[in-house]
Amino acid sequence: GPPHTPQSCHSYRHYRCANFRRLVSKNVSHLGFMALLSDLPILRETIQRSGKQCSIDDWSYETWAAIIPEVGTRENCAYLMVKRLLASRNQKALPQAVLSSDDTAARGVIIALHEEGWRVGRDLQMITAANLGSPVLLPYAGSIIQVAFDPVEIVAALFRMLEALMSGQKPVENPVRIAPHLIESPCAG
């Protein structure tokens, strides 16, 4: 990107290795990928480097919003997608784990699974990006793995960069890298 663009690590690229290594340690061989399609080659490369075999299902909003008319939000799209997949699960098994870059979409998956008697953490593993301190996934925190980004750190970095640019200086941190916090409950898998 441009030389002064802050990077907040919200992209799958920045947390792919830690997440996938976590799934590999659980012997996941079938993964639902719920992130930007442009990040899928990075995941495939990570899998190839690991030496593991893992099939990947496209659970992206980009794909499913085109399949399901008028889905609206990412959460609703994920909910409707899982409902459809569960209704036709004899045709294709659900993945063992879902890797999500959106906490609200992850919540849609969890709610749809729960309504059908499935339990995340028991029947399917979930790793998702989230905002640190956000209540979006609070009811499910004990059964998922969250890669949480602190919005306070992101905003502080943006203001440091803006102040430097407005004073005619080059930002000290370029690019800005904000490390995520891995939040895992003993019950999450």
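Right above here is the structure, for reference.
Computed from a predicted model, the values in this text were never measured in an experiment. (Residues numbered from 1 in each chain as written. Predicted model: local features only at pLDDT ≥ 70, side-chain atom pairs only at ≥ 80, totals over all residues. Heavy atoms only, no water.)

### Quick notes on the pattern of salt bridges
Part 1 of the argument: Scanning the model with the defined rule gives 5 salt bridges in all.
Part 2 of the argument: In this structure, Glu 75 engages Arg 107 in a salt bridge whose closest nitrogen and oxygen atoms are separated by 2.8 Å. With Glu 75 in helix H4 (residues 74-87) and Arg 107 in helix H5 (residues 103-115), this pair connects stretches of sequence that are 32 residues apart.
Part 3 of the argument: Of the charged contacts in the structure, one is a salt bridge between Arg 122 and Asp 123, with a shortest N-O distance of 2.7 Å.
Part 4 of the argument: On the basis of relative accessibility, which here comes to 57%, the residue Arg 122 falls in the exposed class.
Part 5 of the argument: Members of the salt-bridge network, linked through shared partners, are Lys 83, Glu 115 and Glu 116. (Salt bridge = Lys/Arg side-chain N within 4 Å of Asp/Glu carboxyl O. Helix = DSSP H or I, 4+ residues; strand = E, 2+ residues; numbered from the N terminus. Buried < 20%, exposed > 50% of the residue type's maximum accessible area, 1.4 Å probe, protein only.)

### Digging into the nonpolar core
Part 1 of the argument: With 27 residues, the main nonpolar core has Met 34, Trp 59, Met 81, Val 82, Val 109, Leu 113 and Met 126 as its most contacted residues.
Part 2 of the argument: Elements represented by at least two residues in this core include exactly H4, H5 and strand S4 (125-131).
Part 3 of the argument: Leu 43, Ile 47, Cys 54 and Ala 129 belong to the second largest nonpolar core, which has 21 residues in total. (Core = buried A, V, L, I, M, F, W, Y, C linked by side-chain atoms within 4.5 Å.)

### Observations concerning the side chain of Asp 103
Part 1 of the argument: Inspection of the secondary structure assignment puts Asp 103 in helix H5.
Part 2 of the argument: This buried residue, Asp 103, is left without a salt bridge; Arg 107 holds the nearest opposite charge, at 7.3 Å.
Part 3 of the argument: With sequence-adjacent residues up to four places away left out, Asp 103 is seen in contact with Thr 128, Ala 129, Ala 130, Asn 131, Ser 134, Val 136 and Leu 137. (Lys, Arg positive; Asp, Glu negative; His and termini not counted. Contact = heavy atoms within 4.5 Å.)

### Quick look at the pairing of strand S2 (residues 55-58)
Consecutive side chains of a regular strand alternate in pointing toward one face of the sheet and then the other.
Part 1 of the argument: Alignment of strand S1 (residues 30-34) against S2, held across 4 bridges, turns out to be parallel. Paired with His 30 across the bridge in S2 is Ser 55.
Part 2 of the argument: Of the crossover connections in this fold, the one passing from S1 over helix H2 (residues 40-50) to the parallel S2 is right-handed. (Pairing = 2+ DSSP bridges. Right-handed = clockwise from strand over helix to strand, strands pointing away.)

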